[in-house]
Amino acid sequence: MSRAAAPVTRISAPSAHPFSPPDIVLATDPEDERIWVPLKKGVWLRPLMYNTVQGGWCEVVKVTGGGFVSRHRHPAPVHGLVLKGAFRYLEHDWIADQGTYIYEPPGEVHTLVVDDDCPEMHCFFAISGSVNYVDEAGRDVRAEDVFHRLDRAREHYEEVGLGADYVKNFVR
Ligand code: FE
């Protein structure tokens, strides 16, 4: 499929102000499985926007049954919306299913799990700052920011034949 013919995902309205940045129109094909960047077993990330100016990013997290995102916290707010399936946090007694809006306050430690009965979960997340992985005592293990995400995606897109520059679709 030629680049021109690929379906596009428009995620912002046309810029109205002369000082506004260009429209974000991603020349990416949402049906192309290669857009999913593997994070760990059972977890993939679809980049939407890497904010290299303010330090944050937007992505869709995909988890298949039994997968989980390890215990972590963020230094700044995170917003999410479940697009498909359901997940829960080990630290809470509620379930986030399709259509649920999620707010992760700064400093709150959480572990995202998708149970075996959910074959596939998709959640949009807007993340500020970083993901700081912590151990059982809440001590920092390692952190991942927008530049780590960018490097991971660049490596993946090179490997799958889309080319390292594919990440430029997402960088602002
Ligand atoms: Fe989180």
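Structure: above.
Computed from a predicted structure; not experimentally measured. (Residues numbered from 1 in each chain as written. Predicted model: local features only at pLDDT ≥ 70, side-chain atom pairs only at ≥ 80, totals over all residues. Heavy atoms only, no water.)

Peer 1: Looking at this structure, how should I read the pairing of strand S5 (residues 56–64)?
Peer 2: On a regular strand, each side chain points to the face opposite its neighbour's, so the side chains alternate between the two faces of the sheet. Counting buried positions along S5 gives eight out of nine residues, so the element sits mostly inside the fold. Of the strand pairs in this sheet, strand S4 (residues 43–51) and S5 are connected by eight bridges, and their pairing is antiparallel. Paired with Met49 across the strands is Cys58, a residue of S5. Hairpin connection, S4 to S5: the antiparallel pair is bridged by four residues, and Gly55 has positive phi, about 80°. (Buried < 20%, exposed > 50% of the residue type's maximum accessible area, 1.4 Å probe, protein only. Helix = DSSP H or I, 4+ residues; strand = E, 2+ residues; numbered from the N terminus. Pairing = 2+ DSSP bridges.)

Peer 1: Which parts of the structure should I look at to understand the coordination of the iron ion?
Peer 2: Here the iron ion is held by His72 (NE2), His74 (NE2), Glu104 (OE) and His110 (NE2), and the distances to it run 2.1 to 2.2 Å. Of note is the iron ion, whose four donor atoms meet at the metal with angles of 81 to 167° in an arrangement that counts as irregular. Linear spacing of the donor residues for the iron ion on their chain is H-x1-H-x29-E-x5-H. Taken together, the positions of His72 in strand S6 (residues 68–73) and His110 in strand S11 (residues 110–113) put the pair 38 residues apart, joining distant regions of the chain. Side by side, His72 and His110 carry an identical accessibility label, which is buried. (Donors = N, O, S within 2.8 Å, 3.2 Å for Na, K, Ca; no water. Tetrahedral: all angles 85-135°; square planar, octahedral: opposite > 155°, others 65-115°.)

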